[in-house]
Amino acid sequence: QVQLVESGGGLVQAGGSLRLSCAASGRAFSTYVMGWFRQAPGKEREFVAVISWSGLRIAYADSVKGRFTISRDNAKNTVYLQMNGLTPEYTADYYCAAANRAWTDHGNYDYWGQGTQVTVSS
C-alpha cells in the first residue's frame, strides 16, 4: 500500500513556474513507476509525465515537452514536477500516481494522490 500526497500547486501568472511535489509513504517507493496526470474542468484526466523506478526512463505528453521536467528522489520517497512557462491552458488539478506496471495509461495505475490545483492567470 502506498499513500501519495501532492503539494506545490497554487495560483501563478502566465509565464511563471511551479514545482509540484508528491510525497509517498509506505513500502517500496523506489520500485514504483511514478506518473503525473492532470484534469481540467469538464475534461478527461490526461497523462502529463512519467518516470521509471530508476529515473532512467522518462516520457512526457507532447503538450508539456520542453516546459515540464519530472524527477524523483528515492531516498526522500518523493517525485517532482517542475513546470515552467505556464499558460492558462495548463490550469487543472494535478495528480501523482504510482504503479508496479504502467506507463502513460492512467487506467493502469494502482495508487493516486488527492491532487493539487494549479491555476494560471493570463
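Coordinates for the structure precede this section.
Colleague: If you had to explain the nonpolar core to someone new, which residues and values would you point to?
Modeller: In this structure, Leu4, Met34, Trp36, Phe68, Leu81, Met83 and Tyr94 are the most contacted members of the largest nonpolar core, which totals 41 residues. Only strand S1 (2-7), strand S3 (18-26), strand S4 (33-39), strand S5 (46-51), strand S7 (68-73), strand S8 (78-83), strand S9 (92-99) and strand S11 (116-121) provide two or more residues apiece to this core. In terms of residues, this core owes the most to one element, S9, which gives six residues. With near-sequence residues (within four places) excluded, Tyr94 lies in contact with Glu6, Leu20, Trp36, Phe37, Arg38, Val48, Phe68, Leu81, Met83, Gly115, Thr116 and Val118.

Colleague: Pulling in residues and values, what's your account of the state of the cysteines?
Modeller: Among covalent bonds in proteins, the disulfide is the one between the sulfur atoms of two cysteines. By the definition in use, this model includes one disulfide. Between Cys22 and Cys96 runs a disulfide, and the two sulfur atoms are separated by 1.9 Å. Sign of the S-S torsion, about 50° for the bond between Cys22 and Cys96, identifies this disulfide as right-handed. Taken together, the residues Cys22 in strand S3 and Cys96 in strand S9 connect sequence positions 74 residues apart. There is no split in this pair, since Cys22 and Cys96 are both buried.

Colleague: So what about the environment of Gly8? Which residues, and what values?
Modeller: Looking at where Gly8 falls in the secondary structure, it is placed in the loop between S1 and strand S2 (10-13). In this structure Gly8 comes out as partly exposed when scored by relative accessible area, which is 34%. Put simply, Gly8 and Val118 are 110 residues apart on the chain and 8.6 Å apart in space, counted from C-alpha to C-alpha. The residues touching Gly8, leaving out its near neighbours within four places in the chain, are Leu18, Arg19, Leu20 and Thr116.

Colleague: Got a sec to walk through the sheet that holds S3? Specific residues and values, please.
Modeller: Across the sheet, four strands lie side by side as S1-S3-S8-S7; this open sheet has antiparallel pairing. Every interior strand has two partners, whereas the edge strands, S1 and S7, have only one. Here the average twist between neighbouring strands, direction ignored, is 15°.

Colleague: Break down the pairing of S9 for me, with residues and values.
Modeller: Note on strand geometry: in a regular strand, side chains alternate between the two faces of the sheet. Counted residue by residue, S9 has seven buried out of eight residues, so it is predominantly covered. Two elements, S9 and strand S10 (residues 111-112), share two bridges in a ladder whose sense is antiparallel. By the bridge assignment for S10, Ala97 is matched with Trp112.

Here is what the cut-offs are and how they apply
- Along every chain, residues carry numbers that run from 1 in the direction the sequence is written.
- At least 70 in pLDDT is required for a residue's local features to be given in this predicted model, at least 80 for side-chain atom pairs to be given and counted, and no such filter applies to totals for whole chains, interfaces and linings, which use all residues.
- As a rule here, side-chain values cover all heavy atoms of the structure and leave hydrogens and water aside.
- By nonpolar core we mean a set of buried residues, namely Ala, Val, Leu, Ile, Met, Phe, Trp, Tyr and Cys, connected to one another through side-chain atoms within 4.5 Å.
- Note on classification: 1.4 Å probe, protein chains only; a residue is buried when its accessible area is under 20% of the maximum for its type, exposed when over 50%, partly exposed between these limits.
- Helical segments are the DSSP runs of H or I of at least four residues, strand segments are the runs of E of at least two, and each set is numbered from the N terminus.
- Note on definitions: a residue-residue contact is assigned when non-hydrogen atoms from the two residues lie within 4.5 Å.
- Only a pair of cysteine sulfur atoms within 2.5 Å qualifies as a disulfide here.
- One requirement defines pairing of two strands: DSSP has to find at least two bridges between them.
- Note on geometry: axes are C-alpha line fits, over the in-contact stretch for helices, and angles between N-to-C directions span 0 to 180 degrees.

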